[in-house]
Amino acid sequence: MLVDGVEQNKPLEGEDVMLASDGQVSIRKMSYADEDFALLYKWLNDKKILSFIEGPSTRFTWEQIIGKYGPRARGEHYVTPCIIEFNNASIGYLQFYPLQQDEIHEYGAKLDQPQFGLDIFIGETDFWDKGIGTLALKLIIRYLFTERGVEDIYIDPQIVNVRAIKSYEKCGFNKIKVLHARELFDGEYKDTQLMRITLDEFMMLSD
C-alpha cells in the first residue's frame with residue numbers, strides 16, 4: 001500500500017504479531033487497542049522516562065497518543081511500533097522504520113539498499129539497568145537483518161545519554177558522527193550521536 005508515495009507497513013492477513021523472542025524477552029507489534037495506548041500514555045507521562053526522551057516538562061493527552069500511534073498500529077504509517085515484553089509483561093516500546101530521504105541525506109546512508117532506523121525505551125523503570133533493553137535491541141537487530149533484508153541500521157541517542165550509547169555499542173553499533181541540534185528536547189534542540197550497525201558487522205558478530 002502506498003500513501004504519498006511511501007510504502008506502508010500494513011500487516012498481511014494472518015501475519016504474526018510476535019516478531020522475535022528468546023523465551024524471556026519478546027517483541028510484538030503494537031496493537032490498535034486501549035491496552036497498548038494506555039501503556040504509552042503511562043510511559044510518556046512519566047518524568048523519569050521523559051528525562052531521556054521528549055523532555056520532563058512534556059505531557060501527552062490520550063488524544064495525542066492515539067493520534068500519533070494509532071496510524072502506526074493500524075499499519076498506515078511507515079513506522080512499525082512494537083511492545084517489548086519480559087516474561088509476558090509489557091515493559092517497553094521500540095519502533096523501526098525505513099529511513100526517509102532527508103535522513104538518508106543527513107546520515108550519509110546508502111541510496112540503493114534498505115536502510116532502517118530504530119528507537120527504543122524501557123517504560124517500566126523497575127526494569128532499568130537489568131540488560132533487558134540490550135537483549136530486546138539484539139532481538140530486533142537480528143529480525144531486521146534476517147527477516148526484513150535490511151542492509152544497515154541506524155540509531156541516534158542524545159550524546160549525553162551515555163548509558164544508552166554503551167548499550168548500543170554492546171549490540172554492535174559504532175559511532176558515525178554527531179548530529180548537531182537534531183532532537184527537540186524540552187523546547188531546545190539537542191545534539192545526538194549517530195550510530196550504525198551494518199549487515200557485515202552483524203554477520204561477523206554472529207560467527
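Now for a description of the structure that goes with this document.

Cut-off values and rules
- Residues numbered from 1 in each chain as written.
- Predicted model: local features only at pLDDT ≥ 70, side-chain atom pairs only at ≥ 80, totals over all residues.
- Heavy atoms only, no water.
- Core = buried A, V, L, I, M, F, W, Y, C linked by side-chain atoms within 4.5 Å.
- Buried < 20%, exposed > 50% of the residue type's maximum accessible area, 1.4 Å probe, protein only.
- Helix = DSSP H or I, 4+ residues; strand = E, 2+ residues; numbered from the N terminus.
- Contact = heavy atoms within 4.5 Å.
- Pairing = 2+ DSSP bridges.
- Axes fitted to C-alpha atoms, helices over the stretch in contact; angles between N-to-C directions.
- Parallel < 35°, antiparallel > 145°, perpendicular 65-115°, else oblique.
- Left-handed = near helix turned anticlockwise from the far one by under 90°.
- Nonpolar A, V, L, I, M, F, W, Y, C, P; charged D, E, K, R; others polar.
- Salt bridge = Lys/Arg side-chain N within 4 Å of Asp/Glu carboxyl O.

Moving on, we come to the nonpolar core. Phe96, Leu118, Ile140, Ile141 and Phe173 are the most contacted members of the largest nonpolar core, which totals 34 residues. Per-element tally for this core: the top contributor is helix H5 (residues 132-147), with nine residues. Look past the residues within four positions of Ile141 in its chain and what remains in contact with it is Leu118, Ile153, Cys171, Phe173, Ile197 and Phe202. Counting residues in each nonpolar core, the second largest holds 15 residues, with Phe37, Trp43, Ala73 and Tyr93 among its members.

The next point concerns the pairing of strand E3 (residues 18-21). Relative to strand E4 (residues 25-29), E3 is paired through three bridges, and the arrangement is antiparallel. Paired with Met18 across the strands is Arg28, a residue of E4.

Moving on, we come to the packing of helix H1 (residues 34-43) against helix H3 (residues 62-73). At their nearest, the axes of H1 and H3 sit 10 Å apart, and the two run at 115° to each other. Of the possible angle classes, the one that applies to H1 and H3 is roughly perpendicular. The crossing of H1 and H3 is right-handed. Contact residues: H1 offers Asp34, Phe37, Ala38, Leu40 and Tyr41, while H3 offers Trp62, Ile65, Ile66, Tyr69 and Gly70. In terms of residue class, the contact of H1 with H3 is built from eight nonpolar, one polar and one charged.

Moving on to the pattern of salt bridges. Pairing is possible between side chains that carry opposite charge, provided their charged atoms lie close to one another. Applying the stated criterion across every chain, the model contains 11 salt bridges. Residues Lys110 and Glu151 are paired through a salt bridge, measuring 3.8 Å at the closest nitrogen-oxygen approach. Here the residue Lys110 occupies a position in the loop between helix H4 (101-107) and strand E7 (115-122), and Glu151 occupies one in the loop between H5 and strand E8 (152-155), the gap between them amounting to 41 residues. On the basis of relative accessible area, Lys110 is assigned to the partly exposed category, the value being 34%. The class of Glu151 is buried, set by a relative accessible area of 18%. Measuring nitrogen to oxygen at the nearest pair gives 3.5 Å for the salt bridge that ties Asp156 to Arg182. Here Asp156, found in the loop between E8 and helix H6 (162-170), pairs with Arg182, found in strand E9 (residues 174-185); they are 26 residues apart in sequence, far enough to count as distant. Through salt bridges with shared partners, one network takes in Glu103, Glu106, Asp156 and Arg182.

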